[in-house]
Amino acid sequence: MIKVRIKDLEFSKVICGTNPIYARSHFSNARDNEYKNRFDNQRIEHMIEQCIKMGINTIESSANERIWNILCKMREKTDETIRFIGSTRIDNTSEMKGHNKKLSFLIQNRADVCIIHSQFVDRPRKNDTIRGLDSFVDKVHEAGLLVGISTHKVETVEICEKKKLGIDLYMFPLNLFGFVYPGYSGNETVEQRVNLVRSIQKPFILMKVLGAGRIPPDEGLMFIAENSKSTDLISIGFGTENEINESVRLIQKYF
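Note that the structure is predicted; figures quoted are calculated from it, not measured.

Caption draft 1: Focus on the overall build of the protein chain. Helix and strand counts for the protein chain stand at ten helices and ten strands. Against the compact-globule benchmark of 18 Å for 255 residues, the protein chain has a radius of gyration of 17 Å, which places it among compact chains. Along the first, second and third principal axes, the C-alpha set of the protein chain runs to 45 × 40 × 40 Å. Expressed as a percentage of the 255 residues in the protein chain, the buried residues total 53%. In the protein chain, of all internal contacts separated by at least 6 residues, the share reaching a separation of at least 24 is 71%. When the accessible surface of the protein chain is summed, it comes to about 11,900 Å², and 46% of that surface belongs to carbon and sulfur atoms. With 37 positive and 33 negative side-chain charges, the protein chain shows a spacing of 3 Å between the two charge centroids.

This is the structure we're talking about:
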């Protein structure tokens, strides 16, 4: 597996997203229910074991006790590095509510990257100020950790760069269809998204690269190979071990 170095840390080019684990398919209620029934803790552990076997050393997830406990258990069983990119997303995976609480959890548990979620940074605003973001960034950097934001909007990345907020990386949707999530109200074009990713030197974690199951992996990953930087990571939510194997094979082919 190709590795990407960000500051002093080395991440696998492909990282394991967790939307399937949490039954968030962005596709249908039937698929959500199927994921929900499939992913008990034992199955999650098995999926992560397969990721590690295939050279994927990084898990990306909203901050919650369940995934953290699983990762701690697995770190005890292997000599391989398992990195954790955690976000402040507020959801039903945890009783923690509030981005401040989630961020404190990530800092306390030394997440490799602390991501301030789009729920916080993409809030409606009257001007180009993202209220409170600078203090979150300072808090993470004071702890000696990497900080990123997850955003669906081109505008949000541009504001962070204009304000020089010290973001280390961006988590951002990119795919050949321009899919973000069902009901997304933004009007950014695929070309605008590509231009943003390629024009900013900082690394991106590219998500929704397969359009939540709408894009065949060979087409989707070829598009990403042609339209991303060598320093960008690719987040894929795997539903099966076969999907892990297929994605890694295609990454090796196109990158």
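Now, onward.
Caption draft 2: Seen up close, the side chain of Ser87. Structurally, Ser87 can be placed in strand β5 (residues 83-87). Judged by relative accessible area, which is 4%, Ser87 ranks as buried. Contact partners of Ser87, with chain neighbours within four places excluded, come to Ser61, Ser62, Ala63, Lys102, Leu106, Ile115 and His117.

Caption draft 3: Structural context of the pattern of salt bridges. In this structure the tally under the stated criterion is 15 salt bridges. Measuring nitrogen to oxygen at the nearest pair gives 3.3 Å for the salt bridge that ties Glu155 to Arg125. Highlighted residues: Glu155 in helix α7 (residues 154-163) and Arg125 in the loop between α5 (118-121) and α6 (133-142), separated in sequence by 30 residues. The exposure class of Arg125 is partly exposed, given its relative accessible area of 23%. When the shortest N-O distance is used, the salt bridge between Arg193 and Glu188 registers 3.3 Å.

Caption draft 4: Summary view of helix α10 (residues 241-254). The terminal C-alpha atoms of α10, which comprises 14 residues, lie 20 Å apart, in line with the 20 Å expected from a rise of 1.5 Å per residue. Buried residues in α10 make contact with β3 (14-17), α2 (41-53), α9 (217-227) and β10 (233-237).

Caption draft 5: Region of interest: the packing of α9 against α10. At a minimum axis separation of 10 Å, α9 and α10 run at an interaxial angle of 40°. It follows from the interaxial angle that α9 and α10 lie oblique. Of the two elements, α9 crosses α10, and the hand of that crossing is right-handed. Mapping the contact onto sequence places Pro217, Asp218, Leu221, Met222 and Ala225 in α9 and Glu246, Ser247, Leu250, Ile251 and Tyr254 in α10. For the contact of α9 with α10, the class distribution of residues is seven nonpolar, one polar and two charged.

Caption draft 6: Fine view of a negative patch on the surface. Together, Asp218, Glu219, Glu243 and Glu246 make up a region of like negative charge exposed at the surface. Elements represented by at least two residues in the negative patch include exactly α9 and α10. Take Glu243: it is sitting in helix α10.

Caption draft 7: Molecular detail of the layout of surface pockets. Space inside the largest pocket adds up to approximately 800 Å³. Surrounding the largest pocket, 36 residues form its lining, Asn19, Pro20, Lys208, Ala212 and Gly237 being those nearest its centre. Contributions of two or more residues to the lining of the largest pocket are made by α1 (29-38), β4 (58-62), α5, β10 and α10. Taken together, the residues that form the lining of the largest pocket break down as twelve nonpolar, 17 polar and seven charged.

Caption draft 8: Broad picture of unusual backbone geometry. Here Lys164, not a glycine, exhibits a phi torsion of approximately 55°, which is positive. Take Lys164: it is sitting in the loop between α7 and β8 (169-173). Judged by relative accessible area, which is 72%, Lys164 ranks as exposed. A positive phi angle, near 50°, is found at Ala212, a position not held by glycine. In this structure, Ala212 sits in the loop between β9 (204-207) and α9. We classify Ala212 as buried; its relative accessible area is 19%.

Caption draft 9: Layout of the packing of aromatic side chains. Applying the stated criterion across every chain, the model contains five aromatic pairs. Measuring from centroid to centroid gives 5.4 Å for Tyr170 and Phe204, while their planes differ by 40°, and the two rings are tilted. Of the two residues, Tyr170 sits in strand β8 while Phe204 sits in strand β9, which places them 34 residues apart along the sequence. The class for Tyr170 is buried, based on a relative accessible area of 0%. An angle of 75° between the planes, with centres 6.0 Å apart, marks the rings of Phe172 and Phe204 as edge-to-face. Of this pair, Phe172 sits in strand β8 while Phe204 sits in strand β9, placing them 32 residues apart in sequence. Take Phe204: its relative accessible area is 0%, and that puts it in the buried class. Of note, Arg83 hangs over the ring of Phe11, and the distance from its end group to the ring centre comes to 5.7 Å. Across the ring face of Phe120, the terminal group of Arg123 is positioned such that the distance to the ring centre comes to 4.0 Å.

What counts, and where the lines are drawn
In this numbering scheme, every chain counts its residues from 1 along its sequence in written order. Reporting of local features is limited, given that this is a predicted model, to residues whose pLDDT is at least 70; pairs of side-chain atoms are given and counted only at 80 or more, and all residues count toward the totals for whole chains, interfaces and linings. To obtain the side-chain values, all non-hydrogen atoms of the structure were included, while hydrogens and water were left out. Helix and strand assignments follow DSSP, with helices taken as H or I runs no shorter than four residues and strands as E runs no shorter than two, numbered in order from the N terminus. For a compact globule the rule gives 2.2 Å times the number of residues to the power 0.38, and the radius of gyration it is set against comes from C-alpha atoms. Burial status follows relative accessibility: with a 1.4 Å probe on protein chains alone, a residue under 20% of its type maximum counts as buried, one over 50% as exposed, and anything between as partly exposed. Here a residue-residue contact requires only that any non-hydrogen atoms of the pair lie within 4.5 Å. Reported accessibility uses the Shrake-Rupley method at a 1.4 Å probe radius. Residues are deemed covered only where the shown protein chains occlude them. All tallies of charge rest on Lys and Arg as positive and Asp and Glu as negative; His and the ends of each chain are not included. One atom stands in for each charge, and that atom is NZ of Lys, CZ of Arg, CG of Asp or CD of Glu. Salt bridges, as used here, are contacts in which a Lys or Arg side-chain nitrogen is within 4 Å of a carboxyl oxygen on Asp or Glu. Each helix should span, by expectation, one fewer than its residue count multiplied by 1.5 Å. Axis angles are defined between N-to-C directions and span 0 to 180 degrees, where every axis is a line fitted to C-alpha atoms and, for a helix, only to the segment in contact. Convention used here: angles under 35 degrees read as roughly parallel, angles over 145 as roughly antiparallel, angles from 65 to 115 as roughly perpendicular, and any remaining angle as oblique. By definition, turning the near helix anticlockwise from the far helix through less than a right angle yields a left-handed crossing, and turning it clockwise yields a right-handed one. In this classification, Asp, Glu, Lys and Arg are treated as charged, Ala, Val, Leu, Ile, Met, Phe, Trp, Tyr, Cys and Pro as nonpolar, and every other residue, Gly included, as polar. Residues enter a patch when their relative accessible area is above 30% and they make no salt bridge; the linking distance is 9 Å between like charges and 5 Å between nonpolar side chains (Val, Leu, Ile, Met, Phe, Trp, Tyr). Definitions used for this entry: grid spacing 1 Å over protein atoms alone; cavity, a set of points where a 1.4 Å probe fits but cannot get out; pocket, an open set with protein on both sides within 12 Å along at least 5 of 7 lines; lining residue, one with an atom within 4 Å of a point. Grid points are joined across faces, edges and corners, and a volume is the space filled by probe spheres set on the points. Two rings from Phe, Tyr or Trp (for Trp, the six-membered ring) form a pair when their centres are within 6.5 Å of each other. A pair whose planes differ by under 30 degrees is stacked, one over 60 is edge-to-face, and the rest are tilted. Lysine and arginine charges are scored as sitting over a ring when NZ or CZ, respectively, is within 6 Å of the ring centre and within 35 degrees of the ring normal.

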